[in-house]
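# Structural description and commentary
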Amino acid sequence: MSTTATDTPKQKSHDKSATHALTDGFHLIIDALKLNGINTIYGVPGIPITDFGRLAQAEGMRVISFRHEQHAGNAAAIAGYLTQKPGICLTVSAPGFLNGLTALANATTNCFPMILISGSSEREIVDLQQGDYEEMDQLAVSRPHCKAAFRVLHAQDIGIGVARAIRAACSGRPGGVYLDLPAKLFGQVMDAEAGRRSLVKVVDPAPRQLPAPDAVARALDVLRGARRPLIILGKGAAYARADEDIRALVEKSGIPYLPMSMAKGLLPDDHPLSAGAARSLALKESDVVMMIGARLNWLLSHGRGKTWGTEPKKFIQIDIDPEEMDSNVGIAAPLVGDIASCVSALLDGMDGNWAAPPAEWTGAIREKVETNVAKMAPKLRNNNIPMDFHAALGALRTIVKERPDAILVNEGANTLDFARSIIDMYQPRKRLDVGTWGVMGIGMGFAVAAAIETGKPVLAVEGDSAFGFSGMEIETICRYNLPVCVVVFNNNGIYRGTDVNPSGGRDVATTVFVKDSRYDKMMEAFGGVGVYATTPDELTRAVNEAMDSGKPTLINAVIDENAGTESGRIGNLNPQSAVSKK
Ligand code: ADP
Ligand code: TPW
Ligand code: MG
């Protein structure tokens with residue numbers, strides 16, 4: 001017996017008149033997800049998955065509908081990061097799938113576990129390219145952008161298909177998985193009991209991977225020989241949830257540490273061993289660097305060049321992916337395994353009389369931190385009108401200190417770079433940002449999922465351009481009445497609001513927006529609270545009110561349009577024309 005995807009299968013699934021109970025593709029997918037502890041779906045409805053969303057909701061799942069699949073995908077990706085379970089994004093075929101694919105690729109790049117589930121056209125039509133409604137060979141398109149891609153053609157394979165997707169997303173280096181579900185699959189019917197038996201509960205989806213004892217010994221040897229050691233914590237370390245052991249490792253070893261952006265708060269940023277405010281010195285002068293869940297990619301200048309000084313360095317690297325070793329520079333002591341096991345093995349190997357690094361080194365870092373913090377302090381208290389980044393972020397810094405369990409979402413160029421260095425974090429996994437790609441558009445998707453998955457208040461600090469990529473999702477935030485406070489740093493454009501068209505022609509410059517836009521009114525349009533803030537005091541009051549009330553709020557913070565610099569702190573990456581002057 002077969003049905004079309006638009007039939008409502010409700011009557012069928014529990015058909016009392018049949019000789020035996022039946023189930024179908026819709027219910028098997030839902031049951032397979034629930035069996036594996038997955039209870040939330042982020043998506044956008046439409047053919048052929050509209051009924052799937054309805055039925056999932058009817059079966060008690062949380063189904064969060066977005067205005068655009070990319071933001072549903074970003075929500076799923078960060079849900080994966082926050083929970084260690086793959087976040088699910090559900091889309092329609094071809095264009096919906098492609099919209100979600102950007103987020104899937106971003107999840108894979110950032111090592112977040114996520115599954116993109118898209119409805120698709122039947123293979124018979126796709127493979128002959130006969131022009132179906134929203135036809136595309138989605139499985140082939142997805143492959144280069146994710147860790148694994150699977151298609152399920154028969155209802156009895158749904159259990160194993162979902163299990164493979166979960167296993168692939170979570171085990172080893174986490175990442176994005178694509179699951180292709182052709183329209184006809186949803187309506188396929190089978191015996192309910194056989195269906196139940198076909199489901200697979202994934203046992204131990206991310207098995208521990210113990211490091212080899214000789215690799216641990218080698219790492220400890222290199223560390224013992226260091227005179228100016230440094231630990232770099234990455235978002236892999238935050239993801240791994242080995243918070244206490246990582247703190248113990250830092251404190252027992254007495255080694256200064258540098259948190260990558262999303263690892264901020266793994267240890268509180270005001271910890272005496274934090275080298276956060278002495279980053280340049282720490283990278284340049286260190287002689288041994290232990291990377292924990294961080295890659296030597298562009299964010300660390302590939303481990304070479306001016307940033308790293310002239311002294312030769314030895315690297316110890318802890319990572320679950322063996323191929324990460326030697327990807328940019330030679331690794332003296334590769335430690336392959338899961339971070340919890342590796343860190344615990346290192347702790348075990350540090351005997352009682354482990355010597356702290358020379359005071360000369362830790363003292364130099366401490367001194368630099370204190371000098372830089374003192375230098376920054378007055379800038380954070382300035383009362384310039386319009387506000388500059390420092391004044392506005394000085395206000396937000398205090399709020400985050402007072403509300404350490406709030407989640408900070410952050411994107412933009414100057415808005416990102418300044419916020420990252422100014423706003424201290426105090427708890428793990430509280431800072432969510434543009435990640436490995438420096439991608440704009442994660443803002444509202446991350447904010448929605450952070451609120452849904454954690455129940456904590458969310459503060460999204462957004463450049464006005466960055467906000468625009470996902471701005472329509474404030475309707476989603478209002479619809480689900482989420483405790484999200486969005487602060488738009490409105491400097492009238494990308495980097496600055498002051499550029500002029502070099503030709504003198506009628507169009508405005510490529511980086512400027514409508515002057516003095518009122519983003520706060522967008523929020524009001526959907527029933528949320530909109531606030532227009534021009535001073536640090538107004539900003540402080542409005543954010544505190546939003547965080548206390550939990551009401552969806554958008555604060556348009558007016559920022560000096562002259563205050564920013566091109567590309568924030570990575571202007572050096574812009575290629576320059578050799579023949580024309582800007
Ligand atoms: P950051 O951007 O913060 O520097 P990256 O995303 O570059 O961090 O690096 C994260 C690294 O962490 C990846 O190489 C990934 O393989 C690794 N990783 C993720 N989870 C674990 C884990 N549980 N154990 C070990 N390594 C992990
Ligand atoms: C998907 C390029 C990097 S930062 C940025 C863009 C467009 C916006 C900066 O302006 P904003 O911040 O947000 O107003 P501020 O404070 O400096 O004024 N498309 C994607 N990703 C990236 N990174 C870009 C474009 C970019
Ligand atoms: Mg801007």
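Parameters and conventions
Residues numbered from 1 in each chain as written. Chains lettered and ligands numbered in written order. Predicted model: local features only at pLDDT ≥ 70, side-chain atom pairs only at ≥ 80, totals over all residues. Heavy atoms only, no water. Pairing = 2+ DSSP bridges. Helix = DSSP H or I, 4+ residues; strand = E, 2+ residues; numbered from the N terminus. Axes fitted to C-alpha atoms, helices over the stretch in contact; angles between N-to-C directions. Buried < 20%, exposed > 50% of the residue type's maximum accessible area, 1.4 Å probe, protein only. Domains from an automatic or database assignment. Contact = heavy atoms within 4.5 Å. Buried area = accessible area lost by both parts, 1.4 Å probe. Salt bridge = Lys/Arg side-chain N within 4 Å of Asp/Glu carboxyl O. Near = heavy atom within 4 Å. Polar contact = N/O pair within 3.5 Å; in protein donor to acceptor, adjacent residues only side chain to side chain. Areas by Shrake-Rupley, 256 points an atom, 1.4 Å probe, with all protein chains shown as cover. Nonpolar A, V, L, I, M, F, W, Y, C, P; charged D, E, K, R; others polar.

### A word on the sheet that holds strand S15 (residues 431-433)
Spatial strand order, S15-S14-S16-S17-S19-S18: six strands in an open sheet with parallel pairing. The open sheet has two edge strands, S15 and strand S18 (529-533), and neither has a second partner. The sheet shows a mean angle of 15° between the axes of neighbouring strands, direction not considered. Of the strand pairs in this sheet, S18 and strand S19 (residues 553-558) are connected by five bridges, and their pairing is parallel. Residue pairing across strands places Val531 opposite Ile555, the latter belonging to S19.

### Topic: the pairing of strand S17 (residues 484-490)
With seven of seven residues buried, S17 is to be regarded as a mostly interior element. Burial along S17 is two-sided: the face carrying Val484, Val486, Val488 and Asn490 and the face carrying Cys485, Val487 and Phe489 are both buried. Sheet analysis places strand S16 (residues 458-463) next to S17, joined by six bridges and oriented parallel. The residue bridging Val458 from the neighbouring strand is Val484, located in S17. By the bridge criterion, six bridges tie S17 to S19 in an arrangement that is parallel.

### Some thoughts on the environment of Thr534
Examined against the element boundaries, Thr534 turns out to sit in the loop between S18 and helix H23 (536-549). Thr534 sits in the partly exposed class, given a relative accessible area of 24%. When the C-alpha atoms of Thr534 and Ser327 are compared, they prove to be 47 Å apart, with 207 residues separating the residues in sequence.

### Quick notes on the domain arrangement of the protein chain
In terms of domains, the protein chain is made up of domain 1 (3-198), domain 2 (213-366) and domain 3 (381-558). Between the C-alpha centres of domain 1 and domain 2 there is a distance of 39 Å. Contact with domain 1, which involves 14 residues of that partner, is made by 11 residues of domain 2. Buried area between domain 1 and domain 2, summed over both chains or domains, comes out near 1,000 Å², and the portion from carbon and sulfur atoms is 49%. When the buried area of domain 1 at its contact with domain 2 is split by residue, Tyr81, Gln84 and Arg173 rank highest and sum to 59% of it. Here domain 1 and domain 2 share two salt bridges between them.

### Details of unusual backbone geometry
Backbone torsion omega between Ile47 and Pro48 reads 5°, so that peptide bond is classified as cis. Residue position: Pro48 is located in the loop between strand S2 (40-43) and helix H3 (50-58). The peptide bond linking Ile385 to Pro386 adopts the cis configuration, its omega dihedral lying at -5°. With respect to the helices, strands and loops of the structure, Pro386 is situated in the loop between helix H16 (359-376) and helix H17 (389-402). Located in the positive-phi region is Arg429, a residue other than glycine, with phi close to 60°. Inspection of the secondary structure assignment puts Arg429 in the loop between helix H18 (414-422) and S15.

### Considerations on the site of ligand 2
The local shell around ligand 2 holds 17 residues, among which Asn414, Thr415, Gly438, Asp464 and Asn491 are the closest. The separation between a nitrogen atom of ligand 2 and a polar main-chain atom of Met440 is 3.1 Å. A distance of 3.1 Å separates an oxygen atom of ligand 2 from a polar atom in the backbone of Tyr495. Surface burial for ligand 2 is 76%, taken as the share of its 590 Å² of free accessible area covered by protein chains. Mapped by element, the contributors of at least two residues to the shell around ligand 2 are H18 and helix H20 (464-470). The dominant element in the shell around ligand 2, judged by the number of residues it contributes, is H20, at four residues. Its residues placed into classes, the shell around ligand 2 shows eight nonpolar, eight polar and one charged.

### Points about the environment of Pro95
Its place among the elements puts Pro95 in helix H5 (residues 94-110). Since its relative accessible area comes to 40%, Pro95 is described here as partly exposed. For the pair formed by Pro95 and Pro48, sequence separation is 47 residues and the distance between their alpha carbons is 13 Å.

### Some details on the site of ligand 1
Among the 18 residues in the neighbourhood of ligand 1, the closest are listed as Arg173, Lys235, Arg295, Asp319 and Ile339. Here a nitrogen atom of ligand 1 and a backbone polar atom of Ile320 are 3.1 Å apart. Expressed as a share of its isolated accessible area of 580 Å², the protein-covered part of ligand 1 is 95%. No other element matches helix H12 (residues 235-240), which puts four residues into the shell around ligand 1. Each residue belonging to the shell around ligand 1 can be placed in one class, and the counts come to seven nonpolar, six polar and five charged.

### Some details on the environment of His302
Topologically, His302 is positioned in the loop between strand S11 (288-292) and strand S12 (314-319). Classification of His302 by relative accessible area gives partly exposed; the value is 30%. Placed 26 residues apart in sequence, His302 and Gly276 show a C-alpha to C-alpha distance of 19 Å. At 2.9 Å, the side chain of His302 forms a polar contact with the side chain of Asn328.

### So, the pattern of salt bridges
Enumeration according to the criterion identifies 25 salt bridges in this entry. Notably, a salt bridge pairs Asp520 with Arg518, separated by 2.8 Å at the nearest N-O pair. Since its relative accessible area comes to 34%, Arg518 is described here as partly exposed. Each of Arg67, Glu475 and Arg479 takes part in a single network of salt bridges with overlapping partners.

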